[in-house]
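# Results of the structural survey
What follows is each chain in one-letter form.
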Amino acid sequence: MEKQTLSIIVPAYNEEETLALFVDEVNAQTLDLPLDKTFYFINDGSSDQTLDVIKSLSKKHSNIKYISFSRNFGKEAALLAGLRVATGDYVTVMDADLQDPPHMLNEMYAKILEGYDIVGTRRISRKDEPFIRSLFAKTFYKIINKISSTQMVDGARDYRLMTRQVVDSVLELPEHNRFSKGLFSWVGYDVTYLEYKNVERVAGKTSWSFWGLLHYSIDGIINFSDAPLSLATFIGLISFLISVLMSLFYTLKTLLWGEVVQGFPTLIILILMLGGLQLLSLGIIGKYLSKVFLETKQRPNYFIKEDNIEK
Ligand code: UDP
Ligand code: MG
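Residues numbered from 1 in each chain as written. Chains lettered and ligands numbered in written order. Predicted model: local features only at pLDDT ≥ 70, side-chain atom pairs only at ≥ 80, totals over all residues. Heavy atoms only, no water.

It is worth spelling out the UniProt feature "transmembrane region" (unreviewed entry) in the protein at this point. UniProt marks residues 231-252 and 264-289 with the feature "transmembrane region" (unreviewed entry), using the numbering shown here. For the annotated span residues 231-252, helix accounts for 100% and strand for 0% of the residues, and the straight-line distance between the end C-alpha atoms is 32 Å. What you have in residues 264-289 is 100% helix and 0% strand, and the ends, taken at the C-alpha atoms, are 37 Å apart. (UniProt positions renumbered as here; feature names shortened; annotations may be inferred. Helix = DSSP H or I, 4+ residues; strand = E, 2+ residues; numbered from the N terminus.)

Before going further, it helps to spend a moment on the packing of aromatic side chains. Per the counting criterion, the structure on display carries eight aromatic pairs. Aromatic pair F22 and F41: ring centres 6.1 Å apart, planes at 70°, arrangement edge-to-face. Here F22, found in helix α1 (residues 19-29), pairs with F41, found in strand β2 (residues 35-43); they are 19 residues apart in sequence, far enough to count as distant. Each member of the pair, F22 as well as F41, is classed as buried. (Phe/Tyr/Trp six-rings, centres within 6.5 Å; stacked < 30°, edge-to-face > 60°. Buried < 20%, exposed > 50% of the residue type's maximum accessible area, 1.4 Å probe, protein only.)

Moving on, we come to the site of ligand 1. In the vicinity of ligand 1 there are 17 residues, among which E15, D44, D97, Q99 and T206 approach most closely. At 2.7 Å from an oxygen atom of ligand 1 is found a main-chain nitrogen or oxygen belonging to P11. Take Q99: an N or O atom from its side chain is 2.7 Å from an oxygen atom of ligand 1. Coverage of ligand 1 by the protein amounts to 91% of the 530 Å² it exposes when considered alone. Split into classes, the residues belonging to the shell around ligand 1 amount to five nonpolar, five polar and seven charged. (Near = heavy atom within 4 Å. Polar contact = N/O pair within 3.5 Å; in protein donor to acceptor, adjacent residues only side chain to side chain. Areas by Shrake-Rupley, 256 points an atom, 1.4 Å probe, with all protein chains shown as cover. Nonpolar A, V, L, I, M, F, W, Y, C, P; charged D, E, K, R; others polar.)

Taken together, the protein ligands of the magnesium ion (ligand 2) are D97 (OD) and Q99 (OE1), with distances of 1.9 to 2.0 Å. Neither residue differs from the other here; D97 and Q99 are each classed as buried. (Donors = N, O, S within 2.8 Å, 3.2 Å for Na, K, Ca; no water.)

Turning to helix α10 (residues 264-297), a few remarks are in order. Quick reminder: α-helices carry 3.6 residues per turn. Residues three or four places apart thus point the same way. Look at α10: 49 Å from first C-alpha to last across 34 residues, which is about the 50 Å you get at 1.5 Å a residue. Residues of α10 that are buried: S281, I284, Y288 and K291. (Expected span 1.5 Å × (residues − 1).)

For the rest of this paragraph, the subject is the pattern of salt bridges. As enumerated under the stated definition, the model contains 10 salt bridges in all. For E306, the salt bridge identified is with K55, shortest N-O distance 3.0 Å. Here E306, found in strand β8 (residues 304-307), pairs with K55, found in helix α2 (residues 50-60); they are 251 residues apart in sequence, far enough to count as distant. Among the residues examined, E306 registers a relative accessible area of 27% and is labelled partly exposed. (Salt bridge = Lys/Arg side-chain N within 4 Å of Asp/Glu carboxyl O.)

Put into structure tokens, the structure is as follows:
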């Protein structure tokens, strides 16, 4: 029987220092894995020597394929490009910095053989992370799991092993704006998670800033829930009801005790509060509208400048 194949998708943005190490580590730690491996490196518009490193690696190893983007399109775009070209019976997605422990592939494959379709990984410690970042991440998962029917697991990484069937399903989702943590959950199938302790990057530095992450999580919420839209309606309804009650109250009061001019501060506060709530609601609606706007443009997620993938 022919050996089954594994595609390893690796988005790489300014990873010149890590890639050679990465390939060696993955090979060394998966010697017993009965799968033929192919690496797919996606150079996401790196400004350092990443592409040259990938090219020289691909001359050394015949199982290294690469795609190089015309500029930086972001990790989600790189993942999509990788999923589109990967031909393996099984597909995994790994970071280039060895923060996704390669030896776990063995356990993940064992789980696949048990019958799971997606084997994800979950970090159980965030101890090397700045406090504010973990607090923020925890809050994000709490909110999204409350308001969206698509469950997202706290600490879940993009590092996962999946069957061809799952990859094909994910590729059928046509949306341009891809929040893959949500997409992989949305498609369903039998999912299990393996847990591991956080590992530091081997070299280089993270390309995420706090604001980048904040933006990314708002994206996640907007893409997988319409609860914020209902929130606007809800706030509107409540303040309307309050205003009806208050007008009744003041009419009665005036009829009974006559009018005394008072409560100027209350008036200002109410104006400010309602004005603020209106702007907030408009902002929320605007967020969704901008998603629709971007989605209708149907722009491609990335442009490939060069690759070594035979069509
Ligand atoms: N990455 C990418 N495009 C980007 C940013 C990051 O392809 O615009 C890749 C990066 O090379 C790495 C992975 O995505 O392989 C995760 O990035 P990073 O290690 O910076 O994120 P962290 O592990 O801190 O979440
Ligand atoms: Mg990393």
